[in-house]
Each structure stands twice: as structure tokens, then as C-alpha cells.
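Overview (structure and organization)
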Amino acid sequence: MTLIRRRAFLKSSAAASILASLPLKAHANPLGLPIGCQTWPVREMIAKDFPGTIKQLADAGFQSIELCSPVGYAEHGFGGLSKYSGPELKKILSDAGVTCVSSHFGIQELRKGQPARIAWAKDVGLTQMLVPSLDGPKNPTMDDVKRAADEYNKMGELAAKSGIQQGLHNEDFELSHVNGKRTYDLLLELLDPKLVQFQFQVSTISDGYDAAEYFTKYPGRFISMHVQGWSAQTKKIMPVGQDTLDWKKIFSTAKTAGIKNYFVEMNLDFMKASVPYLRGLQV
């Protein structure tokens, strides 16, 4: 979820008309993976019209989406998804021509009732359950980090018993430090790789977290990533391919990391404008 706090910018752009004229490929580049997007940036649209929003994303060239839980994200526009049964949600997605294997869940909702959330995930057809943060203190001690890791390892174990991969994003608590060491690095050491995988937020480059470096240093630990373009000159989020990041390197190292899907996550105009570049990127 983006460092610009997932603000939705919902105006259409000229890129939409350009994309409409481009032919879709059966398998998107890079990595032969579908071009995915996170639904957080379009949460206000989803609150008004979920099927219509998903269709618009599909028309823009996105082939997979990542949801946000209707329980943990109810106040952010996703509560309305509760009115749909799992089969109904899957039909809406299928009718739009997109797949969905992943969703974000708040750590608090898992603490209150993880079994029920796993049941919902299974009903919808998800195989990955991500949390944006373990919600630890702003200035943690090593004991704080160990407690958070122990708790999440147990959640990962419970999810694994149902065939669900539990995953962790990097936001807030994960970007803190303990005795000069990054909390994120400590969690990569403390969380059981058999139970917990990671989802890398590419825009954390603004805080010095380089995707390619992490993918290379921790092979097999990352299941997915949130994709944002970033300009080193302006220090701002940009459409992918119109920025300064080395995307060939990022996606090449993503193979080593074990990335199974990726989700573009910026304002809607920037997400749409990123599709042509991603379609043509080969690594």
C-alpha cells in the first residue's frame, strides 16, 4: 500500500484511450505473469460500484487484482463486498476477465477471528492473505519485534493448514529500526519462511529500501510486490516506465525472490499509464 497513503485520484486520463487501442497479449510481460493492480487506489469507486470498477480495471489492461478485506477495510470502501457470497464475487471477477488470488487483511481482524477470515478467503478462491503491517510500536525494542514475529508465525501456521499462504507487506512498523538495524530485516530473519512470505512495496525506495537488493539478498522469501514508479529527481511517484527505476533489474531479481504475482498500486491515471510499458517489458 503506497507511501502516499493510498490516496485515490479518480480522474480519467488520456492514457485510457491509448490503452483501449492496444491489443492484449495472452501472457503479459514481464515474467509471463498477468499485469495486476491493487484495488486500494480505487476504493471510492468500489464503494459505489464494485462490478463496474472491476470492469474498468480490466478494460485498462489489468488481468488480475488484489482485494482488501471487507471486514478490515470496511470503513475504507470495501465493506460493501460483504453483500456478495464467495461464488458471487468470483463470478463478478470472472465476468470481467480478471483473476484474484490475493487480498489484504488488517492484523487486528486476524487477531479477532483469523479462522473466519480464512474461511472467507477460501470461499472467494484466494491462496494468499497479506497484512500491510504487524502493527508494532513506532520505536520497537528487540522484544517487541520478537513478539510480533512469534504471533505472525502462529497465524502463518494456521493459514497453512488451510492451504493459504500468509504474507507480510512493509509499512509503518516494518520500516522502523532497532539498535540501528532495520526491523524489516529482523522480521525476515525471525519469520519462518515455510509459514510467512513477503510482499515488497517498491516505493519504499524513498526510504532506502531497494527491491532488487532485497530480492537478491533473500531469495525465495518474496511472493509478490506492489509496483510504483519513482523518480529520483523529483522524489515523487510516477507511472512505471516514466520514472528512474531499473525495472529490468527489479523484475529479473524478482525471479530469484520467488515472485508469483505483482500489483501496480498508484492513482488510477498512473496505473493505466503503466500498462503499455509493462506489456512490452522483457527480462
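Right above here is the structure, for reference.
If you're wondering where the values come from, they're calculated on a predicted model, not measured in any experiment.

So, about the sheet that holds strand S2 (residues 64–68). The strand order around the closed barrel formed by eight strands is S1-S2-S3-S4-S5-S8-S9-S12, and the pairing between neighbours is parallel. Sheet twist, expressed as the average angle between the axes of neighbouring strands with direction ignored, equals 30 degrees. Strands in contact with helix H5 (residues 107–124) are S2, strand S3 (99–104), strand S4 (128–131) and strand S5 (165–168); relative to S4, the strand with the most contacts, it is inclined by about 165 degrees. Contacts from helix H10 (residues 268–280) reach strand S1 (36–38) and strand S12 (261–264), with the element oriented near 135 degrees to S12.

A separate point is helix H9 (residues 247–257). All of the buried residues in H9 are Trp-247, Ile-250, Phe-251, Thr-253, Ala-254 and Ala-257. The arc that holds every buried residue of H9, seen down its axis, measures 165 degrees, which confines them to one face. Phi turns positive, to about 95 degrees, at Gly-258, one or two residues after H9.

Okay, unusual backbone geometry next. The phi angle at Asp-172 is positive, at roughly 55 degrees, despite the residue not being glycine. Along the chain, the position of Asp-172 falls in the loop between S5 and strand S6 (177–178). In the Ramachandran plot, Asn-179 falls in the positive-phi region, its phi being about 50 degrees despite a non-glycine side chain. Note on placement: Asn-179 falls in the loop between S6 and strand S7 (181–182).

This paragraph deals with the nonpolar core. Ranked by size, the top nonpolar core spans 83 residues in total, and within it Phe-50, Phe-200, Phe-215, Phe-222 and Met-225 carry the most contacts. Not counting residues up to four positions away in its chain, the partners in contact with Phe-215 are Phe-200, Phe-222, Met-225, Ile-250, Thr-253, Ala-254, Thr-256, Ala-257 and Ile-259.

Rules used in this analysis
- Residues numbered from 1 in each chain as written.
- Predicted model: local features only at pLDDT ≥ 70, side-chain atom pairs only at ≥ 80, totals over all residues.
- Heavy atoms only, no water.
- Pairing = 2+ DSSP bridges.
- Helix = DSSP H or I, 4+ residues; strand = E, 2+ residues; numbered from the N terminus.
- Axes fitted to C-alpha atoms, helices over the stretch in contact; angles between N-to-C directions.
- Contact = heavy atoms within 4.5 Å.
- Buried < 20%, exposed > 50% of the residue type's maximum accessible area, 1.4 Å probe, protein only.
- Arc of directions from axis to C-beta.
- Core = buried A, V, L, I, M, F, W, Y, C linked by side-chain atoms within 4.5 Å.

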